[in-house]
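One-letter residues, chain by chain:
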Amino acid sequence: MSLEPKYKRILVKLSGEALMGEDSYGINRVTIERIVNEIKGVVDLGVQVAIVIGGGNIFRGVAPAAAGMDRATADYMGMLATVMNALALQDAMRHAGVVSRVQSALTIQQVAEPYIRGKAIRYLEENKVVIFGAGTGNPFFTTDTAAALRGMEVGADIVLKATKVDGVYTDDPKKNPDAVRYHTVTFDEAISRNLKVMDATAFALCRDQKMNISVFSIFKAGALKRVVLGEDEGTLVHC
Ligand SMILES: Nc1ncnc2c1ncn2[C@@H]1O[C@H](COP(=O)(O)OP(=O)(O)OP(=O)(O)O)[C@@H](O)[C@H]1O
Ligand SMILES: O=c1ccn([C@@H]2O[C@H](COP(=O)(O)O)[C@@H](O)[C@H]2O)c(=O)[nH]1
């Protein structure tokens, strides 16, 4: 049976916190290998994959030290945390036989090449996975916004938010057990109801550029592939 992907090029926003697995901080080896395996599953379908990686697994761990710091300085620390995750992800991909390139929005040339849009697109055309580190490169933003931005810049068909929950709920499901999952939700409703699964800047940017977002759990085996194949999985946020 041939599996025809619904999307040819995707931008995956991968939660930094998801890399912790059950740990309270950092990167859990088994978890990152499992996530890479999920990504390999869609690369093997011929889908072009770009990834924006978050930093919550490292940055929230140092948050007490950052408390009281100048906001911009703390944000630069957060962006550097995402570069560490990008390198770890690339290393895990290499072990799994997936060819990838890391591009950083902050210049850190001994460690990663700078973000160059044309080069990123070329890598995607060559079926190399492109991992974007350092978010947007600007403080006061998040990697959710970076995902929306990079998704549009590289001409992705959709932004996929791979996170710790299996979709968008009426309220945070980790805090409110009565929260109900949406099958689909519009950007306007997500913004007006202040649904915090993704930041409002990212939602607004995607709404304005008509870029749909699919929110799903990266811990659910096969969920990424099901989304890519257009099957019923997670929540679709749309115009
Ligand atoms: N309405 C909602 N529906 C679903 N999840 C929600 C909602 N409101 C808040 N959340 C929370 O949002 C989290 C996902 O967003 P968050 O930005 O914290 O993580 P992330 O971006 O995946 O991680 P990181 O910052 O490490 O990259 C979920 O784990 C969930 O607990
Ligand atoms: O464009 C960006 C992206 C991120 N930051 C800072 O990094 C941390 C970690 O990113 P998450 O999106 O929370 O995973 C974030 O809290 C910001 O402090 C940034 O400044 N600009």
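Please read all numbers here as calculations on a predicted model, not as lab measurements.

## Topic: the layout of surface pockets
Estimated volume of the largest pocket: approximately 1100 Å³. Lining the largest pocket are 44 residues, and of these Arg60, Asp144, Lys161, Lys196 and Val197 lie nearest its centre. Where the lining of the largest pocket is concerned, the elements lending two or more residues are α2 (56-59), α4 (71-95), α6 (143-153) and β6 (158-163). The residue makeup of the lining of the largest pocket, split by class, is 13 nonpolar, 16 polar and 15 charged. In this structure, the second largest pocket encloses a volume near 190 Å³. Lining of the second largest pocket is provided by 14 residues; of these, Tyr7, Gly230, Glu231, Glu233 and Leu236 occupy positions nearest its centre. The residue makeup of the lining of the second largest pocket, split by class, is four nonpolar, six polar and four charged.

## A word on the site of ligand 1
The environment of ligand 1 is formed by 22 residues, the closest being Lys13, Glu17, Thr163, Tyr169 and Asp172. Residue Asp172 places a side-chain N or O atom 2.8 Å away from an oxygen atom belonging to ligand 1. Here ligand 1, which alone exposes 630 Å², has 88% of that area covered by the protein. When atom positions are compared with the pocket grids, ligand 1 is found to occupy the largest pocket. Here the shell around ligand 1 is built from residues that sort into six nonpolar, six polar and ten charged.

## Topic: the UniProt feature "binding site: UMP" (unreviewed entry) in the protein
Using the residue numbers shown here, the UniProt feature "binding site: UMP" (unreviewed entry) corresponds to Gly55, Asp75, Thr136, Gly137, Asn138, Pro139, Phe140, Phe141, Thr142 and Thr143. Spanning 89 residues, the named residues nonetheless gather at one spot, since no C-alpha pair among them exceeds 14.3 Å. Of the annotated positions named here, the largest pocket is lined by Gly55, Asp75, Thr136, Asn138, Pro139, Phe140, Phe141, Thr142 and Thr143. One can find Thr136 in the loop between β5 (129-133) and α6. Look at Thr136 and you get buried, because its relative accessible area is 13%.

## A few points about the site of ligand 2
Surrounding ligand 2, one finds 16 residues, the nearest of these being Gly55, Asp75, Thr136, Asn138 and Thr143. The backbone of Gly55 places a nitrogen or oxygen atom 2.8 Å from an oxygen atom of ligand 2. Between Thr136 and ligand 2, the recorded distance is 2.6 Å, taken from a side-chain N or O atom to an oxygen atom. Here ligand 2 loses 90% of its free accessible area of 440 Å² to cover by the protein chains.

## Concerning the pairing of strand β3 (residues 100-104)
A regular strand places its side chains on the two faces of the sheet in alternate fashion. The buried fraction of β3 amounts to four of the five residues, a majority that puts the element mostly inside the structure. Pairing geometry for β3 and β5, over five bridges, is parallel. Bridge pairing links Val102 to Ile131 in β5. Two strands pair when backbone bridges link them, and β3 and strand β4 (residues 113-114) are joined in this way by two bridges, in the parallel orientation.

## Topic: the UniProt feature "binding site: ATP" (unreviewed entry) in the protein
Summarizing the sequence annotation, UniProt attributes the feature "binding site: ATP" (unreviewed entry) to Lys13, Leu14, Ser15, Gly16, Gly56, Arg60, Thr163, Tyr169 and Asp172 in the numbering used throughout. Across 160 residues of sequence, these annotated residues are also dispersed in space, with a maximum C-alpha separation of 23.3 Å. The annotated residues named above include Lys13, Ser15, Gly16, Gly56, Arg60, Thr163, Tyr169 and Asp172 as those lining the largest pocket. On the secondary structure map, Ser15 appears in the loop between β1 (9-14) and α1 (29-43).

## Remarks on the packing of α6 against helix α8 (residues 200-208)
Interaxial distance between α6 and α8 falls to 7 Å at its minimum, and their mutual angle equals 20°. Taken together, the axis directions place α6 and α8 in an arrangement best described as roughly parallel. Pair α6 / α8 crosses with left-handed handedness. Where α6 abuts α8, its residues Asp144, Thr145, Ala148, Leu149 and Met152 lie against Thr201, Ala202, Leu205 and Cys206. Taken together, the residues that form the contact of α6 with α8 break down as six nonpolar, two polar and one charged.

Procedures and definitions
Residues numbered from 1 in each chain as written. Chains lettered and ligands numbered in written order. Predicted model: local features only at pLDDT ≥ 70, side-chain atom pairs only at ≥ 80, totals over all residues. Heavy atoms only, no water. 1 Å grid on protein atoms, 1.4 Å probe; cavity = no way out; pocket = protein on both sides within 12 Å on 5 of 7 lines; lining within 4 Å. Points joined across faces, edges and corners; volume = space filled by probe spheres on them. Helix = DSSP H or I, 4+ residues; strand = E, 2+ residues; numbered from the N terminus. Nonpolar A, V, L, I, M, F, W, Y, C, P; charged D, E, K, R; others polar. Near = heavy atom within 4 Å. Polar contact = N/O pair within 3.5 Å; in protein donor to acceptor, adjacent residues only side chain to side chain. Areas by Shrake-Rupley, 256 points an atom, 1.4 Å probe, with all protein chains shown as cover. Sits in = over half its atoms within 2 Å of the grid points. UniProt positions renumbered as here; feature names shortened; annotations may be inferred. Buried < 20%, exposed > 50% of the residue type's maximum accessible area, 1.4 Å probe, protein only. Pairing = 2+ DSSP bridges. Axes fitted to C-alpha atoms, helices over the stretch in contact; angles between N-to-C directions. Parallel < 35°, antiparallel > 145°, perpendicular 65-115°, else oblique. Left-handed = near helix turned anticlockwise from the far one by under 90°. Contact = heavy atoms within 4.5 Å.

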